[in-house]
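Inside the fold
Below are the chains, spelled out letter by letter.
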Amino acid sequence: MNELLYSMIFKRKSFHVFKSYLPLLPEDLAEIEKAFNQFIPLIRNIKVKIQIVSKNETTCKRGEYCILLYSEIKEHYLKNIGYIGAQLDLWLASHNIGVCWYGAGKTERQYDGTCKFVIMLAIQKVSENHFRKDMFRSKRKTLSEIWEGEAYQEIANIVRFAPSACNLQPWFIVSEEKQLNVYKIINTKRGIMPAEKVDYYREIDIGIFLCYLEICMKHEGLVFQKELYGDSNIRSGERQLCANYKILKTWQKGIGEQI
């Protein structure tokens, strides 16, 4: 699975507009739900669920369906949803299903008393030729804007293309020979996002980024131990340490431990 997801990093794109209409069949939707239950979470003791509904049951105007992501409210739950949602996004690309992380979307659909709606993904089946042809032409932050240090730059130049739910790209890595420290950037940048929602989506973005980072590390054959850190009170414009990855050993590239 890890190598499939890695290969999809180069193919997937964010579909702000769906230019073709290929209907998703009931068996397609069933396969999405089956796949979701096989993805590995960032935090194993947080209950997560999905519902796939017509976009008409939401405020979203894109795509044919929306995948609604729900979670228990526990520490790191937003990172966890981003982490699992990133795997779903890449898996969908492998089935020619386009995705848009629709952060502004709302729905009245509830799951149950244990899980809260977190975010939705607008989806639609599209032609193969509508996916990305050259990832490196995408507009993303430069390497120097997200990465400090000379170690593991082969990972850095791929992971910088991780999607961002509201395009904040709020991540920064400090690399050393045997470890990587992942920081969340706290600043005033928020685009059109309401100020009270910025921290919410930054946490989801960090989860997406951690998933991409681990996929790339495993592709390079790195075996690691990770530690996550919670929120702390820091001033605007500073970095907050989110995760530490200690590199334990290296396996042959492309056959490392699977995500």
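Let me sum up the structure you'll find in this document.

Rules and cut-offs
- Residues numbered from 1 in each chain as written.
- Predicted model: local features only at pLDDT ≥ 70, side-chain atom pairs only at ≥ 80, totals over all residues.
- Heavy atoms only, no water.
- Core = buried A, V, L, I, M, F, W, Y, C linked by side-chain atoms within 4.5 Å.
- Buried < 20%, exposed > 50% of the residue type's maximum accessible area, 1.4 Å probe, protein only.
- Helix = DSSP H or I, 4+ residues; strand = E, 2+ residues; numbered from the N terminus.
- Contact = heavy atoms within 4.5 Å.
- Axes fitted to C-alpha atoms, helices over the stretch in contact; angles between N-to-C directions.
- Parallel < 35°, antiparallel > 145°, perpendicular 65-115°, else oblique.
- Left-handed = near helix turned anticlockwise from the far one by under 90°.
- Disulfide = S-S within 2.5 Å.
- Pairing = 2+ DSSP bridges.
- Phe/Tyr/Trp six-rings, centres within 6.5 Å; stacked < 30°, edge-to-face > 60°.
- 1 Å grid on protein atoms, 1.4 Å probe; cavity = no way out; pocket = protein on both sides within 12 Å on 5 of 7 lines; lining within 4 Å.
- Points joined across faces, edges and corners; volume = space filled by probe spheres on them.
- Nonpolar A, V, L, I, M, F, W, Y, C, P; charged D, E, K, R; others polar.
- Arc of directions from axis to C-beta.

A few words on the nonpolar core. Residues Ile32, Ile67 and Ile204 are the most contacted members of the largest nonpolar core, which totals 80 residues. Per-element tally for this core: the top contributor is helix 6 (residues 198-219), with 14 residues. In contact with Ile204, other than residues within four places in its own chain, are Leu78, Gly82, Trp101, Val118, Ile119 and Ala165. One finds Val53, Cys60, Tyr102 and Ala122 within the second-largest nonpolar core, a separate group that totals 11 residues.

Running from amino to carboxyl end, helix 2 (residues 26-36) crosses helix 3 (residues 77-94) at an angle of 140°, the nearest separation of the two axes being 10 Å. The pairing of helix 2 with helix 3 is recorded here as oblique in orientation. For the pair helix 2 and helix 3, the sense of crossing is right-handed. Each of Glu31, Ile32, Ala35 and Phe36 in helix 2 lies in contact with helix 3, whose residues at this interface are Ile84, Leu88, Trp91 and Leu92.

Next up on the list: the state of the cysteines. Under the criterion given, the structure shown has 0 disulfides. Cys60 supplies the cysteine sulfur nearest to Cys100, a cysteine that is in no disulfide, at a spacing of 6.7 Å. With no disulfide of its own, Cys216 lies closest to Cys211 among cysteine sulfurs, the gap being 9.4 Å.

For the rest of this paragraph, the subject is the sheet that holds strand 5 (residues 147-148). The 5 strands lie next to each other as 5-6-7-9-8, forming an open sheet whose pairing is mixed. The open sheet terminates on both sides in strands that have one partner only, identified here as strand 5 and strand 8 (222-228). Across 7 bridges, strand 8 lies against strand 9 (residues 239-250) in antiparallel orientation. Across the sheet, residue Leu222 finds its bridge partner in strand 9, namely Thr250. Contacting strand 6 (171-176), strand 7 (179-185), strand 8 and strand 9, helix 6 crosses the sheet at an angle of about 160° to strand 7.

Moving on: the packing of aromatic side chains. Counted under the stated rule, the structure contains 10 aromatic pairs. Between Phe15 and Phe131 the ring centres are 5.2 Å apart and the planes differ by 75°, which places this aromatic pair in the edge-to-face class. With Phe15 in the loop between helix 1 (2-9) and helix 2 and Phe131 in the loop between strand 4 (116-125) and helix 4 (143-146), the pair connects residues that are 116 residues apart, well separated along the chain. Assigned by exposure class, Phe15 and Phe131 land together as buried.

Before going further, it helps to spend a moment on the layout of surface pockets. Computed from the structure, the second largest pocket encloses a volume of approximately 260 Å³. Forming the boundary of the second largest pocket are 17 residues, of which Lys79, Lys184, Asp199, Glu203 and Asp231 lie nearest the centre. Of all the elements in the fold, those that place two or more residues in the lining of the second largest pocket are helix 3 and helix 6. Taken together, the residues of the lining of the second largest pocket sort by class into 6 nonpolar, 4 polar and 7 charged.

Let's shift gears to helix 2. Buried within helix 2 are the following residues: Asp28, Leu29, Ile32, Ala35 and Phe36. For helix 2, the angular spread of the buried residues around the axis is 125°, confining them to a single face. For helix 2, the exposed residues set more than 90 degrees away from the buried face come down to Pro26 and Lys34. Buried residues in helix 2 make contact with strand 1 (48-54), strand 2 (65-71), helix 3, strand 3 (97-102) and strand 4.

Quick look at the sheet that holds strand 2 now. Across the sheet, which stays open at both edges, the 4 strands sit in the order 1-2-4-3 with antiparallel pairing between neighbours. On the outer flanks of this sheet lie strand 1 and strand 3, each paired with one strand and no other. Between one strand axis and the next, the sheet turns through 25° on average, direction left out of account. Pairing between strand 1 and strand 2: 7 bridges, direction antiparallel. Bridge assignment links Val48 to a residue of strand 2, and that residue is Ser71. Packing against the sheet, helix 2 makes contact with strand 1, strand 2, strand 3 and strand 4, and its axis sits at approximately 165° to strand 1.

Okay, the packing of helix 1 against helix 6 next. The contact between helix 1 and helix 6 brings their axes to 9 Å, and the two run at 115°. Considered as vectors, helix 1 and helix 6 are oriented roughly perpendicular to each other. With respect to the hand of their crossing, helix 1 and helix 6 are arranged in left-handed fashion. For the pair formed by helix 1 and helix 6, the contact residues are Asn2, Glu3, Leu5, Tyr6 and Ile9 on the first element and Tyr212, Ile215, Cys216, Lys218 and His219 on the second. A per-class count over the contact of helix 1 with helix 6 returns 6 nonpolar, 2 polar and 2 charged.

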